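# Analysis of the macromolecular model
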Amino acid sequence: MADDFPLISVMIPTYNHAQFLKEAVDSVLAQDYPNIEIIIVDDGSTTSLKLDTFTALPPVEMYADCNCNAEAESTLQAHHAYNEEGSDSINARGATTVTLVRTFYQEHRGIAATRNVCLEKASGEWLAFLDSDDVYLPGKLSAQAEYFRNHPECEIVFTRYKNFLTNEELKSAKRVQHELNMELWKTNHLPTALIKREVFRRSGHFMEKLERGEDTEMLFRMEIFGTRLNNCLDEVYYHRRIHGENITLQHDTEGFVIGYKSYAEILRRRLLSNAEKTKAS
Amino acid sequence: MVYKLNEERMFCDITDGIAIIIDSETGIYYSISAFGIMVFEKIIDGYSDTNIAIALVNIPNIPSDIEDKFKQFTNELLGEEIIIKAKDGENIGEVILDATVIAEGDFELKISSYSDVQEMLIADPIHDVGPEGWSPTLMEA
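All values derive from a computational prediction rather than experimental measurement.

What counts, and at which threshold
Residues numbered from 1 in each chain as written. Chains lettered and ligands numbered in written order. Predicted model: local features only at pLDDT ≥ 70, side-chain atom pairs only at ≥ 80, totals over all residues. Heavy atoms only, no water. Helix = DSSP H or I, 4+ residues; strand = E, 2+ residues; numbered from the N terminus. Buried < 20%, exposed > 50% of the residue type's maximum accessible area, 1.4 Å probe, protein only. Contact = heavy atoms within 4.5 Å. Areas by Shrake-Rupley, 256 points an atom, 1.4 Å probe, with all protein chains shown as cover. Salt bridge = Lys/Arg side-chain N within 4 Å of Asp/Glu carboxyl O. Phe/Tyr/Trp six-rings, centres within 6.5 Å; stacked < 30°, edge-to-face > 60°. Lys NZ or Arg CZ within 6 Å of the ring centre and 35° of its normal. Pairing = 2+ DSSP bridges. Axes fitted to C-alpha atoms, helices over the stretch in contact; angles between N-to-C directions. Core = buried A, V, L, I, M, F, W, Y, C linked by side-chain atoms within 4.5 Å. Patch = residues over 30% accessible without salt bridge, like charges linked within 9 Å, V, L, I, M, F, W, Y side chains within 5 Å. Lys, Arg positive; Asp, Glu negative; His and termini not counted. Charge placed at Lys NZ, Arg CZ, Asp CG, Glu CD.

So, on to the overall build of chain A. Scanning chain A for helices and strands turns up eight helices and nine strands. Going through the 281 residues of chain A one by one, you find that 57% of them count as buried. By sequence separation, contacts in chain A at least 24 residues apart represent 83% of the contacts at least 6 residues apart.

Okay, the overall build of chain B next. Looking only at helices and strands, chain B features five helices and six strands. Counting from the amino terminus, chain B carries its helices and strands in the arrangement β-β-β-β-α-α-α-β-α-β-α. The burial tally for chain B puts 51% of its 141 residues in the buried class. Pairs at least 24 apart in sequence give 70% of the contacts found in chain B among residues at least 6 apart. When the accessible area of chain B is evaluated, it comes to approximately 6900 Å², of which 45% is carbon and sulfur surface.

Residues and elements named next belong to chain B. Positive phi values are uncommon outside glycine, yet Ala34 reaches one of about 40°. The residue Ala34 is located in helix α1 (residues 34-45) in this model. A residue is classified by how much of its surface remains accessible, and Ala34, at 31% relative accessible area, is partly exposed. In this structure, Asn61 takes a positive phi of about 65° despite not being glycine. On the accessibility criterion, Asn61 (77% relative accessible area) is exposed.

This next bit is on the pattern of salt bridges. Scanning all chains against the criterion turns up 20 salt bridges over all chains. For A:Glu208, the salt bridge identified is with A:Arg109, shortest N-O distance 3.5 Å. Pair noted here: A:Glu208 is in the loop between α6 (197-203) and α7 (214-224) and A:Arg109 is in the loop between β4 (98-106) and α3 (111-121), with a separation of 99 residues, a long-range link. For A:Glu208, a relative accessible area of 42% puts it in the partly exposed group. The partner of B:Arg9 in a salt bridge is B:Asp23, with the nearest N and O atoms 2.7 Å apart.

On to the packing of aromatic side chains. Within a pair of aromatic rings, the relevant descriptors are the distance that separates the centres and the angle that separates the planes. Residues and elements named next belong to chain A. Considering all chains together, one arrives at seven aromatic pairs over all chains under this definition. Summarising the aromatic geometry, the rings of Phe5 and Tyr33 are spaced 5.6 Å apart at their centres and angled 80° between planes, so their arrangement reads as edge-to-face. In this pair, Phe5 is assigned in the segment before β1 (8-14) and Tyr33 in the loop between α1 (18-29) and β2 (36-43), connecting sequence segments 28 residues apart. The buried category is assigned to Tyr33, whose relative accessible area is 1%. Ring pairing ties together the aromatic residues Phe129, Phe200 and Phe206, which thus form one cluster. Here the basic side chain of Lys140 rests over the ring of Tyr136, its NZ or CZ set 4.3 Å away from the ring centre.

Once that is clear, we can look at the sheet that holds strand β3 (residues 18-23) of chain B. All names here are of chain B. Judged by pairing direction, the sheet is antiparallel, and its four strands sit side by side in the order β2-β3-β4-β6 without closing on themselves. Taken across any chain shown, the strands that pair with only one partner, and hence form the sheet edges, are β2 (10-15) and β6 (112-114). Strand-to-strand, the axes of this sheet are offset by a mean angle of 20°, without reference to chain direction. Along the sheet face, α1 touches β2, β3 and β4 (29-33) and points at about 105° away from the line of β4.

Residues and elements named next belong to chain B. In this structure, Phe35 and Phe40 are the most contacted members of the largest nonpolar core, which totals 34 residues. For this core, the secondary-structure elements that each account for two or more residues are β1 (3-5), β2, β3, β4, α1, α2 (49-57), α3 (66-79) and α4 (99-103). At six residues, α1 tops the list of elements feeding residues into this core. For Phe40, the residues in contact, after removing those within four places along its chain, are Leu5, Cys12, Ile14, Ile21, Ile32, Phe73, Leu77, Ile82 and Ile83.

The grouping of B:Asp98, B:Glu104, B:Asp106 and B:Glu108 at the surface amounts to a negative patch. Classification of B:Glu104 by relative accessible area gives exposed; the value is 61%.

Another point: the pairing of strand β9 (residues 232-242) of chain A. All names here are of chain A. In this structure, strand β6 (residues 135-136) lies alongside β9, joined through two bridges in antiparallel fashion. The residue bridging Val135 from the neighbouring strand is His239, located in β9. Where strand β7 (residues 156-165) and β9 come together, eight bridges link them in parallel fashion. Bridge pairing in β9 links Phe158 to Cys232.

Once that is clear, we can look at the pairing of strand β5 (residues 126-129) of chain A. Residues and elements named next belong to chain A. Here β5 shows a buried face lined by Trp126 and Ala128 and a second buried face lined by Leu127 and Phe129. Sheet analysis places β1 next to β5, joined by four bridges and oriented parallel. Bridging from a neighbouring strand, Ser9 pairs with Leu127 of β5. The pairing of β5 with strand β8 (residues 194-196) spans three bridges and is antiparallel. In the strand pairing of β8, Leu127 is matched with Ile195.

In structure tokens form, the structure reads like this:
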């Protein structure tokens, strides 16, 4: 099977998203690609995963990487119970395309470090991220795998995505309206991508000093290291959730400043890199 | 006239000799370097355009069209809405320019704009990070 259907690692970094994780995991379990592992890395959530949020569960392995405090233990117990529940659920559910779910816990280190742990733990030759508050649409991975088969030179293929809103109260926010009005997004959004492992071997890991924008920086760096980012399926296969308190991100908040400072650093490095390239040629 | 950074919309970061200004509404970003940064900083610090122009024309060996170039530069910043008129702005005094920047002899006043990552810059901020980190502690179920 591995020759025809290389293992795809779906990597889900998560932090205090228990209420969304079920949907995210279920959307992977609903994929029709036959060789998938799911890697969940919990970045030190302070809220326990809730068992009744999970419905379909494949066999699970569980790991704790770091020194755990009492809260961490609690979270791990929830993971463990989830795992045991899973053994039964898979039988009741019948065939599943997912061979393994592996969950890891670490003390809180931030999204970039969490993505890097995902990469370290993943064993698939093809890699995909899924933000724990978002969902894949059915057929995503098989459509991207098919694209890889038809375009062997392609190393990363994106899909289009749509934003969706789970809190209607947020609808009036100007920023939210803007996002929702962008009916079909064409941006290269990292979590929509299926990526060959070679790309990360060449480009390296996520920059852990970035508190945000680590995915954008990674895309810039992939490009710098010769990966073409112009392959995108025309269908929407990814739904991106707009929710909760992140909407309060305003220009005068600390989050805004931290975020854009990271972007400025990325863009500055990009300009310098482009200038060096031009100089060399 | 006195101007200020359009803080409602623009994020500005000046490090390592390059100013990066990100328009959070359009996703377009701008860069300014060297001499331009020094002048730009005087503008957004609240010095009047008249006093900045006086300081510029008094630089020894500066090109004779520097005043026109400065006007163009200011107009471009206004046109892109990077700066706006400071309604209650008061001229904060005489402009003293950094001699080390002047000594480099590069008097270019240029703003470069880039739209190549427009959607990425617009797309990200709303989603991934709240004031407390990469994913806010929200909705305790």
